[in-house]
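A closer look at the structure
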Amino acid sequence: MLKVSKKIITLLVIVCVLLQTFVLTASAAVAKVTLNAPTQANVGDTITVKAIIYTDVSGGLGSVEDGYLTYSSSLLKLTSYGGETTPDGAGRVIFDIQPDNKGSTGVTITLKFKVLKAGTASIKFSGFLVDWNETMRKSISASKSITIIDKSKLPKDANLKAIKLSAGTLSPAFSASTTSYSVKVPYSTTKVVVTPTLSDSKAKWSISGSSSLKVGTNTRVITVTAQNGSTKKYTIKITREPDPDASSSGITSSEDTEPKVNPYEISVNGEMWILLNDYSLITVPAGFSVDKQIINGIEMPVLVDKKNGRTVVYATNEADTVGAYYIYTGEDNEYIEYKFFVTDSNTYVIVEPENVPTAPNGFKYKVTEVMGYEIGVYEYTDSAYSDYVIFFVESPTGEKNYYRYDRKEATIQRATDFILALEKQTGGKTNGSNIIDKFTNLDTTEKVIACSAAALILLIIALIIVNIVKLSSPKKKNNEALINMDDEAEPLNFEGILNGEKRDEE
């Protein structure tokens, strides 16, 4: 019996070690899907949605099983899809992905939709990623909401109310109906900043051309986009006079050529920002590469995160004292600040949850500055935890959840207490309604701890069962069956049993 118990214990130990090894291996592997789609669209538009499936597991992507993309068929009409997908009735597309070559890190499927009518359209993907060696089958999912606007019912005011110049005077005087102007400035003026004011504050504007001036004619074009999508252009020709000293001496000024400056200015919350056109001047964030893209008719360098399907630009304010990253949505004049931070060599992105919850007991919601960003966070009502804030974050592996940030130590970890409080408030539906879903949402350390605890409980149960069976079996001594009748009065020593001690025999 002792040999059997030793075998059982040894087997359980091996299972425990293998289980932890599997958890560590599976947790370390990244398997995810990202839906790249506009957050806003207009009735009549054709929009592009990209499903980017990615993994870094050894051997690469083997297949995608039970892959389905569902969409709001009453608002969107599927017009084009990739060769590895098949429409399956209204509102669903089946993904049948099986790469031909080993080592593929993933695949991108492009779908196009015609926007039918106004509303909020949802696009959701769900499925299972299987690695090439078929050692991992991991659930992947993503969703996207698209606000659809019927621009025909929106204001069409694309007028300016005023144009302000940092130097020089408009000719003729400004009028909303006049779209062409000229300005003359002396040679000593090397820069003219043009600042427009919109007639409709909800319209948008952009300016092409540069604030820096060459000698001669410099053209600035202000494009105003009304809420209904109609546009109006105001053209300003700024003439910088030649250097009087250089002309009198017959010397040609070196400034007669175009200066190497940023050619494009954008409006961010009503303020002028200038897009960077030389990314060698800054540190490119990890995971991004420099590419080119047409923005309002001008080819501009941009930063592309192919893994997560993001296009980001860098811009500085008019005084060139503040710089920030902005996500370019693909629509003209639409920029969203890219809020990220780096800790322990890992990049985390601050995002908005799809459904912003009511603060659970013990927490309060507040908009405050964290790491230079104005964001909505949850703070503890207990002042003892005033150094901590909780926000929704996309981790380096692409997983989105609530994390706790220590403003004093500049460290981050999953906000398990907040998640549990939120689950209690919402009836346990925040991060999965069953044990498997909850286990899947744990991070690597938590999974290892959970597996270790489960294995330890199994070992204790096994030890108790084995020893009880052993004690209840007849003992043989000197080849005779003996039963100690005094055992009935002697209580079992569970501590001794767990420590492997033998009972005293008379």
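So, how was this worked out
- Residues numbered from 1 in each chain as written.
- Predicted model: local features only at pLDDT ≥ 70, side-chain atom pairs only at ≥ 80, totals over all residues.
- Heavy atoms only, no water.
- Helix = DSSP H or I, 4+ residues; strand = E, 2+ residues; numbered from the N terminus.
- Buried < 20%, exposed > 50% of the residue type's maximum accessible area, 1.4 Å probe, protein only.
- Contact = heavy atoms within 4.5 Å.
- Areas by Shrake-Rupley, 256 points an atom, 1.4 Å probe, with all protein chains shown as cover.
- Phe/Tyr/Trp six-rings, centres within 6.5 Å; stacked < 30°, edge-to-face > 60°.
- Lys NZ or Arg CZ within 6 Å of the ring centre and 35° of its normal.
- pLDDT = per-residue confidence, 0-100.
- Pairing = 2+ DSSP bridges.
- Axes fitted to C-alpha atoms, helices over the stretch in contact; angles between N-to-C directions.
- Patch = residues over 30% accessible without salt bridge, like charges linked within 9 Å, V, L, I, M, F, W, Y side chains within 5 Å.
- Salt bridge = Lys/Arg side-chain N within 4 Å of Asp/Glu carboxyl O.
- Core = buried A, V, L, I, M, F, W, Y, C linked by side-chain atoms within 4.5 Å.

Once that is clear, we can look at the overall build of the protein. Counting its regular elements, the protein contains six helices and 32 strands. When burial is assessed residue by residue, the protein has 38% of its 506 residues classed as buried. Sequence separation of at least 24 residues holds for 58% of the intrachain contacts in the protein that already meet a minimum separation of 6. For the protein, the exposed area adds up to about 28,200 Å²; of that, 52% sits on carbon and sulfur atoms.

Let's shift gears to the environment of F113. On the secondary structure map, F113 appears in strand 8 (residues 106-115). Assessed through its relative accessible area of 0%, F113 is described here as buried. Along the backbone, F113 and S73 are 40 residues apart, and their C-alpha atoms lie at a distance of 9.7 Å. Sequence-distant contacts of F113, that is, excluding residues within four places in its chain, are made with D45, T46, I47, V49, L69, Y71, L76, K77, L78 and T79.

What follows covers the packing of aromatic side chains. Going through the model one piece at a time under the given rule, you end up with 21 aromatic pairs. Between F95 and F125 the ring centres are 4.9 Å apart and the planes differ by 80°, which places this aromatic pair in the edge-to-face class. Pair noted here: F95 is in strand 7 (residues 92-97) and F125 is in strand 9 (residues 119-131), with a separation of 30 residues, a long-range link. A relative accessible area of 2% places F95 in the buried class. Pairing Y325 with F340 gives two aromatic rings, centres 5.4 Å apart and planes at 70°, and the pair type is edge-to-face. Residue Y325 is found in strand 22 (residues 323-328), and its partner F340 is found in strand 24 (residues 340-343); the two are separated by 15 residues along the sequence. Comparing Y325 with F340 shows no difference in burial state: the two are buried. Among the aromatic side chains, those forming a connected cluster through ring pairs are F363, Y365, Y378, Y380, Y385, F392, Y402 and F418. Across from the ring centre of F128, 3.9 Å away, lies the NZ or CZ of R137, which sits over that ring. The ring centre of Y187 lies 4.5 Å from the NZ or CZ of R240, which sits over that ring.

Glancing now at the confidence of the model for the protein. For the protein, per-residue confidence averages 77 on the pLDDT scale, and 75% of positions sit at 70 or higher. Within the protein, strand 32 (residues 480-482) has the poorest average pLDDT of any element, 37, and strand 12 (residues 180-185) the best, 95. Counted against residues more than four places away or in other chains, residues 253-262, with its pLDDT under 50, gives 20 contacts.

Across the sheet, which stays open at both edges, the four strands sit in the order 1-3-8-5 with antiparallel pairing between neighbours. Here the strands that pair on one side only, and so sit at the sheet edges, are strand 1 (31-36) and strand 5 (76-80). Averaged over all pairs of adjacent strands, the angle between their axes in this sheet comes to 30°, without regard to strand direction. Pairing of strand 1 with strand 3 (residues 46-55), which is carried by six bridges, proceeds in the antiparallel orientation. Following the sheet pairing, A31 is matched in strand 3 by T55.

Another point: unusual backbone geometry. Cis rather than trans, the peptide bond between S171 and P172 has omega equal to 0°. Its place among the elements puts P172 in the loop between strand 11 (160-165) and strand 12. Here D66, not a glycine, exhibits a phi torsion of approximately 50°, which is positive. Summarising the element assignment, D66 is placed in strand 4 (residues 61-71). Since its relative accessible area comes to 44%, D66 is described here as partly exposed.

On the surface, a cluster of nonpolar side chains totalling about 280 Å² of accessible area is made up of I457, I461 and I465. With respect to the helices, strands and loops of the structure, I457 is situated in helix 5 (residues 444-472). A residue is classified by how much of its surface remains accessible, and I457, at 49% relative accessible area, is partly exposed.

Backbone hydrogen bonds hold the strands of a sheet together, and the pairing may be parallel or antiparallel. Ordered in space as 2-10-9-4-7-6, the six strands form an open sheet in which the pairing is mixed. Two strands close off the open sheet at either side, each with one partner strand: strand 2 (40-42) and strand 6 (85-87). Neighbour-to-neighbour, the strand axes of this sheet turn through a mean angle of 20°, independent of strand direction. Sheet analysis places strand 6 next to strand 7, joined by three bridges and oriented antiparallel. Among the inter-strand pairings, P87 is bridged to a residue of strand 7, identified as V93.

Tracing the backbone through its elements, the reader meets T397 in the loop between strand 28 (388-394) and strand 29 (400-406). Considered as a pair, T397 and T55 are 342 residues apart in the sequence and their alpha carbons are 9.8 Å apart. Setting aside residues no more than four positions away along its own chain, T397 makes contact with V30 and K32.

Attention now moves to the nonpolar core. Core analysis: the biggest nonpolar cluster contains 50 residues, and L275, I295, V313, Y335 and F391 have the highest contact counts within it. Not counting the four nearest positions on each side in its chain, I295 is found in contact with Y264, L275, M300, V302, V313, Y328 and Y335.

The subject of this paragraph is the environment of F174. In this structure, F174 sits in the loop between strand 11 and strand 12. Dropping the residues within four chain positions of it, F174 is found in contact with L160, K161, A162, I163, Y181 and Y234.

This part is about the side chain of T311. Residue placement: T311 occurs in strand 21 (residues 310-317). On the accessibility criterion, T311 (17% relative accessible area) is buried.

Moving on: the pattern of salt bridges. Taken as a whole, this structure holds seven salt bridges when the rule is applied. Taking the shortest distance from any N to any O, the salt bridge between R137 and D66 comes out at 3.4 Å. Here D66 lies in strand 4 and R137 lies in strand 10 (residues 137-149), a separation of 71 residues in the sequence. In this structure, R407 engages E379 in a salt bridge whose closest nitrogen and oxygen atoms are separated by 3.7 Å. Of the two residues, R407 is situated in the loop between strand 29 and strand 30 (411-414) and E379 in strand 27 (residues 373-380); the sequence distance between them amounts to 28 residues. Here R407 falls in the partly exposed class, since its relative accessible area comes to 32%. Using a relative accessible area of 10% as the deciding quantity, one classes E379 as buried. Several salt bridges converge on common partners, so that one network encompasses E65, D66 and R137.

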